Every structure is written in C-alpha cells, then in structure tokens.
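Notes for the structure review
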Amino acid sequence: MTAAVNQEQRTGASILRLFFHDCFVNGCDGGILLDDTATFKGEKTARPNNESVRRFEVIDTIKSNVEAACKATVSCADILALAARDGVVLLGGPSWTVPLGRRDARTASFSGANSQIPPPTSSLSALISRFATKGLSARDMTALSGGHTIGQARCTSFRPHIYNDTDIDPAFAAKRKANCPLSGGDNNLAPLDLQTPTKFENNYYKNLLVRRGLLHSDQELFNGGSQDALVRTYSSSEATFRSDFVAAMIKMGNISPLTGTQGEIRRNCRVVN
C-alpha cells in the first residue's frame, strides 16, 4: 500500500471506497473484486461502481505477494479490509486493529450493488435508513462520510448539486461548474475536500459548515437536520472524528462476514477457485 499510495495518493481513497462498496453488498466478502464472465454478472458494472470504482490492480499485487508468502490462507476480503485501513493511515488518518478471518464469496450481486449502495443524490433520511439496514447508526454514517476528506468525485456525481441545489455556496458552485458542464465531461474530477484531498483530517466537516460539500449527500449532513450538531462537533474536534471514524470502520468491516467453512480463500481475487 505504501508503494501504491506513493505512486498515486488518490489510491488511499479509492481502496477505502472499494471496501465500503464491498461491505454494503452481501457483507465484506470480496464480492466486488470478482470480474464478470460469460455466465456471471458481478458488481463491477453496477451503477454505483461502473467506470467509478478503481485500483483493483493494487489488490491483485498485494494478493500475489501474500500468496507467495503464505499460500491459500489470507482471503481477498481480509486483504481489502487491511488495505483500506493502511490507505487511511498513509494519508495521515488514524490506525486501528482490523478483525480478521473473513472468507471470500463465491458469488456477487449486481442487483444488490444497484439497490444497497447509497447514491450521491441521497437525502439525509435515505442515508440514515440505508446505513441502519447494515447495523450502522446515524452517528456511524456521519463519521464514515468523513472518508470524503480524501479522494475525488466524478462530475456526474456532483452535477445535480452544483446546478440544482440551493444549499451551496455560490462561489463554490461556480468554481465546480467550470470543470463540470451541464452536459458532457461526466468523468471530470473534483476533490471531495476542497483544501486537502490527499490528507486525512476534518476539513470535510469544516467545508459543510460553509456549504461547500461536493455531493448532495455530503451537504445533507449539515442542512438543518439531525446531524448538524455532530458535524459541528467533528469540525471543531478532530480527535472525536478520528475515534468515531475508527469505531464505525470496525463496525462496517464486521457486516455479515463469511467464516468457518462458508465461502473460500480465493487464489485470484478476480475469479472464484
């Protein structure tokens, strides 16, 4: 992970998102890593993932190194959980002990990816209920959203917010419109955290206070609703954010793991054995 993040700092955010999208569909089972085949449609081309989730090759490299050292022992699901933690640490975020022992799914769910991963157009109530179905509280959801202190988003994800919403700083909207036209430019990128997209801290929440959240779903956390007070807390206390983020990451990493004789230890993260 150090080599991958040194090569491209955005990798830390990309792997964190991969882990989130894995855990929200059938649990943290490495299902998102499976490639489509002639007879199998996996999660990679589902709406939240298509042309969007990235850096699978980093997981491939880690897996081949781990296999060489310790054959058929460490699952792709566990590798993804550890890599997500390491990416956060390498960009200045907190560390935590990752519970291990997940096994790899022998299938994935295209429909589950489409229906269970919250889209960037989500309202606050939709975010709270989506996370609740995974056993995560509103506080967990607001802390995990702080993962957007790193990384980039595509124009297609934030276009509705900068053109249609009123809960946005006009100067910030104008700045983002310059690189995200009403039509075209879907893959143009913008930083989720205006100031420091490669440093893990609490600027994400400070931006929400001045209506500079990039996604509609970001600004929903601070828009006269139930999470306003917590956003203020995280913006003024980075320590509280970091400890809540760690607790929520461990909880998210514990969603419906396959254990014991369930699933398998995949030899190649892209294909079932």
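Structural notes, computed from the coordinates. (Residues numbered from 1 in each chain as written. Predicted model: local features only at pLDDT ≥ 70, side-chain atom pairs only at ≥ 80, totals over all residues. Heavy atoms only, no water.)

Remarks on the state of the cysteines
What counts is decided by this rule: Disulfide: a pair of cysteine sulfur atoms within 2.5 Å of each other. Counting from the N terminus, the helices are the DSSP runs of H or I reaching at least four residues and the strands are the DSSP runs of E reaching at least two. Note on classification: 1.4 Å probe, protein chains only; a residue is buried when its accessible area is under 20% of the maximum for its type, exposed when over 50%, partly exposed between these limits.
A complete count under the given rule lists three disulfides for this structure. Residue pairing for Cys-76: its cysteine sulfur links by disulfide to Cys-269, the two sulfurs lying 2.1 Å apart. When the S-S torsion is -95 degrees, as for the bridge of Cys-76 with Cys-269, the disulfide is left-handed. Here the residue Cys-76 occupies a position in helix H4 (residues 76-90), and Cys-269 occupies one in the segment after helix H13 (238-253), the gap between them amounting to 193 residues. Each member of the pair, Cys-76 together with Cys-269, is buried. Taking only the cysteines that form disulfides and numbering them from first to last, the chain has the pattern 1-2, 3-6, 4-5. Of all cysteine sulfurs in the structure, the one in Cys-76 sits closest to Cys-70, which takes part in no disulfide; the separation is 13 Å.

Some details on the packing of aromatic side chains
The following threshold applies: Two aromatic rings from Phe, Tyr or Trp, using only the six-membered ring of Trp, form a pair when their centres are within 6.5 Å; if the ring planes differ by under 30 degrees the pair is stacked, by over 60 it is edge-to-face, and anything between is tilted. Charge over a ring is defined by NZ of Lys or CZ of Arg lying within 6 Å of the ring centre and within 35 degrees of the ring normal.
Counting across every chain of the model gives eleven aromatic pairs. A ring pair is formed by Phe-200 and Phe-241, whose centres lie 5.6 Å apart and whose planes are at 10 degrees; its orientation type is stacked. Taken together, the residues Phe-200 in the loop between strand S2 (189-191) and helix H10 (203-209) and Phe-241 in helix H13 connect sequence positions 41 residues apart. Here Lys-41 stacks its cationic end above the ring of Phe-110, 4.5 Å away from the centre of that ring. The residue whose ring lies beneath Lys-44 is Phe-56, and the NZ or CZ to ring-centre distance is 4.0 Å.

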